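Residue strings, one per chain:
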Amino acid sequence: MGTILFFVGIITIIAGVVGGFIAGTAGGVVLGLVTGIVASLIYFALAKILENQDAILYELRNTRQQNNIQKTKKTCEKCGKEHDVDVKSCPHCGYRP
């Protein structure tokens, strides 16, 4: 989606310039160019926001997965080795808490 917004921004600049030339005056060209640039900046900003949002969501998913992995393991009080939370006794030394 961000890539699409980026290209729409570029097309908006081009459309502004073309519209300005069609107007046939120097003021029309300047107005078309300024309008195209301002509109395209909005599209570029939205593309950047979506890119940042995707990066944040990716990090959140990784953090949640790491937290889930950590919750499924516990450390034995006797031998110090990790094992699943569901196991009632340590598979390494047999200790039962």
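None of the values given here were measured: they were computed from a predicted structure. (Residues numbered from 1 in each chain as written. Predicted model: local features only at pLDDT ≥ 70, side-chain atom pairs only at ≥ 80, totals over all residues. Heavy atoms only, no water.)

Student: What exactly am I supposed to notice about the overall build of the protein here?
Tutor: Looking only at helices and strands, the protein has two helices and two strands in total. For the protein, with 97 residues in total, the buried portion stands at 13%. As presented, the protein carries roughly 7500 Å² of accessible surface, and 64% of it is formed by carbon and sulfur atoms. With 10 positive and 7 negative side-chain charges, the protein shows a separation of 8 Å between the mean positions of the two kinds. (Helix = DSSP H or I, 4+ residues; strand = E, 2+ residues; numbered from the N terminus. Buried < 20%, exposed > 50% of the residue type's maximum accessible area, 1.4 Å probe, protein only. Areas by Shrake-Rupley, 256 points an atom, 1.4 Å probe, with all protein chains shown as cover. Lys, Arg positive; Asp, Glu negative; His and termini not counted. Charge placed at Lys NZ, Arg CZ, Asp CG, Glu CD.)

Student: Is there a simple way to think about the confidence of the model for the protein in this case?
Tutor: In low-pLDDT regions, the fine details of the predicted coordinates are not to be read closely. Here the protein averages 85 in pLDDT, and 96% of its residues register 70 or above. Looking over the protein, one finds the lowest element-wise mean pLDDT in strand β2 (residues 82-84), namely 83, and the highest in helix α1 (residues 2-23), namely 86. (pLDDT = per-residue confidence, 0-100.)

Student: Before we go on, may I ask you to explain α1 in this structure?
Tutor: Think of an α-helix as 3.6 residues a turn; residues three or four steps apart then line up on the same face. Look at α1: 32 Å from first C-alpha to last across 22 residues, which is about the 32 Å you get at 1.5 Å a residue. Listed in full, the buried residues belonging to α1 are Leu5, Gly9, Thr12, Gly16 and Gly20. Summarising the axial view, the buried residues of α1 lie within an arc of 60°, below the 170-degree limit, and thus occupy one face. In this structure, α1 carries Thr3, Ile4, Ile11, Phe21 and Ile22 as exposed residues pointing more than 90 degrees from its buried face. (Expected span 1.5 Å × (residues − 1). Arc of directions from axis to C-beta.)

Student: What is the right way to read the packing of aromatic side chains from this model?
Tutor: Within a pair of aromatic rings, the relevant descriptors are the distance that separates the centres and the angle that separates the planes. Tallying each qualifying case throughout the model produces two aromatic pairs. On the basis of an interplanar angle of 35° and a centroid distance of 5.2 Å, the ring pair of Phe6 and Phe44 is categorised as tilted. You can see Phe6 sitting in helix α1 and its partner Phe44 sitting in helix α2 (residues 26-71), a full 38 residues away along the chain. Residue classification places Phe6 among the partly exposed residues on the basis of a relative accessible area of 40%. Feature note: the residues Phe6, Phe7 and Phe44 constitute an aromatic cluster, connected by ring pairs. (Phe/Tyr/Trp six-rings, centres within 6.5 Å; stacked < 30°, edge-to-face > 60°.)

Student: Just checking my understanding: could you explain the side chain of His83 for this structure?
Tutor: Within the secondary structure, His83 is located in strand β2. Non-local contacts of His83, meaning those with residues more than four positions away in its chain, are made with Thr72, Lys73, Lys74, Cys76, Cys90 and Pro91. (Contact = heavy atoms within 4.5 Å.)

Student: Sorry if this is basic, but what is going on with a nonpolar patch on the surface here?
Tutor: Together, Phe6, Phe7, Ile10, Ile14, Val18 and Ile22 give the surface a local cluster of nonpolar side chains, amounting to about 570 Å² of exposed area. By secondary structure assignment, the location of Val18 is in helix α1. (Patch = residues over 30% accessible without salt bridge, like charges linked within 9 Å, V, L, I, M, F, W, Y side chains within 5 Å. Salt bridge = Lys/Arg side-chain N within 4 Å of Asp/Glu carboxyl O.)

Student: What's the story with the state of the cysteines in this structure? I'm lost.
Tutor: A covalent bond between the sulfur atoms of two cysteines is what we call a disulfide. Tallied over the entire structure, the rule returns zero disulfides. Sulfur of Cys76: no disulfide; nearest cysteine sulfur belongs to Cys93 and is 3.7 Å away. For Cys76, a relative accessible area of 6% puts it in the buried group. Among the cysteines around Cys90, which has no disulfide bond, Cys79 carries the closest sulfur, lying 3.6 Å off. (Disulfide = S-S within 2.5 Å.)

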